[in-house]
Amino acid sequence: MGIINPSQGFLPPASPDLLSDVAIIANLANATLGSRTSTNWLGFAADYTLIRDSISRVIPGFENFNARLSDEKFFYLPNAAKHRVFKTSSARRS
């Protein structure tokens, strides 16, 4: 785990009426919150790069998310345990 790489389905949808998980959540949020939010929910459903831009601004390790996927094709997330870095008061390893 900890490897970020894009994936693309290779089978056609079972029905043209099926929605992605992102579209379902975005439509629910838009219908529920309407003008009470500044989040562009429908934009997220239409363009996944907007989601990745938002993620890159708030989650450490996802900086420049879209550019990294475009340039590197995949990248590793920071993993303190892999490098045996334990952020505890004693920094104990066991």
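For the structure, check the block above.
Here we summarise the structure given alongside this text.

Each value, and the rule that gives it
- Residues numbered from 1 in each chain as written.
- Predicted model: local features only at pLDDT ≥ 70, side-chain atom pairs only at ≥ 80, totals over all residues.
- Heavy atoms only, no water.
- Patch = residues over 30% accessible without salt bridge, like charges linked within 9 Å, V, L, I, M, F, W, Y side chains within 5 Å.
- Areas by Shrake-Rupley, 256 points an atom, 1.4 Å probe, with all protein chains shown as cover.
- Salt bridge = Lys/Arg side-chain N within 4 Å of Asp/Glu carboxyl O.
- Helix = DSSP H or I, 4+ residues; strand = E, 2+ residues; numbered from the N terminus.
- Buried < 20%, exposed > 50% of the residue type's maximum accessible area, 1.4 Å probe, protein only.
- Contact = heavy atoms within 4.5 Å.
- Phe/Tyr/Trp six-rings, centres within 6.5 Å; stacked < 30°, edge-to-face > 60°.
- Lys NZ or Arg CZ within 6 Å of the ring centre and 35° of its normal.

## A closer look at a nonpolar patch on the surface
Logical step 1: Together, I3, F74 and Y76 give the surface a local cluster of nonpolar side chains, amounting to about 310 Å² of exposed area.
Logical step 2: Secondary-structure assignment places I3 in strand β1 (residues 3-4).
Logical step 3: The partly exposed category is assigned to I3, whose relative accessible area is 43%.

## Regarding the pattern of salt bridges
Logical step 1: Within the structure shown, the criterion is met by one salt bridge.
Logical step 2: Note that E72 and R68 form a salt bridge whose closest N and O atoms lie 4.0 Å from each other. Taken together, the residues E72 and R68, both in helix α4 (residues 65-72) and four residues apart, mark about one turn of the helix.
Logical step 3: Classification of E72 as partly exposed rests on a relative accessible area of 41%.

## Thoughts on the environment of G61
Logical step 1: Along the chain, the position of G61 falls in the loop between α3 (48-58) and α4.
Logical step 2: Classification of G61 as buried rests on a relative accessible area of 8%.
Logical step 3: When the C-alpha atoms of G61 and A14 are compared, they prove to be 35 Å apart, with 47 residues separating the residues in sequence.
Logical step 4: Non-local contacts of G61, meaning those with residues more than four positions away in its chain, are made with R68, F75, L77 and P78.

## Quick word on the packing of aromatic side chains
Logical step 1: Within the structure shown, the criterion is met by five aromatic pairs.
Logical step 2: On the basis of an interplanar angle of 55 degrees and a centroid distance of 4.9 Å, the ring pair of F62 and F65 is categorised as tilted.
Logical step 3: Classification of F65 by relative accessible area gives buried; the value is 7%.
Logical step 4: With 5.7 Å between their ring centres and 90 degrees between their planes, F65 and F75 make a pair best called edge-to-face. Of this pair, F65 sits in helix α4 while F75 sits in strand β2 (residues 75-76); the two residues are ten residues apart in sequence, bridging distant segments of the chain. For the pair F65 and F75, one class covers both residues: buried.
Logical step 5: In this structure an aromatic cluster arises from ring pairing among F62, F65 and F75.
Logical step 6: R68 extends its terminal NZ or CZ atom over the ring of F75, reaching a point 3.8 Å from the ring centre.

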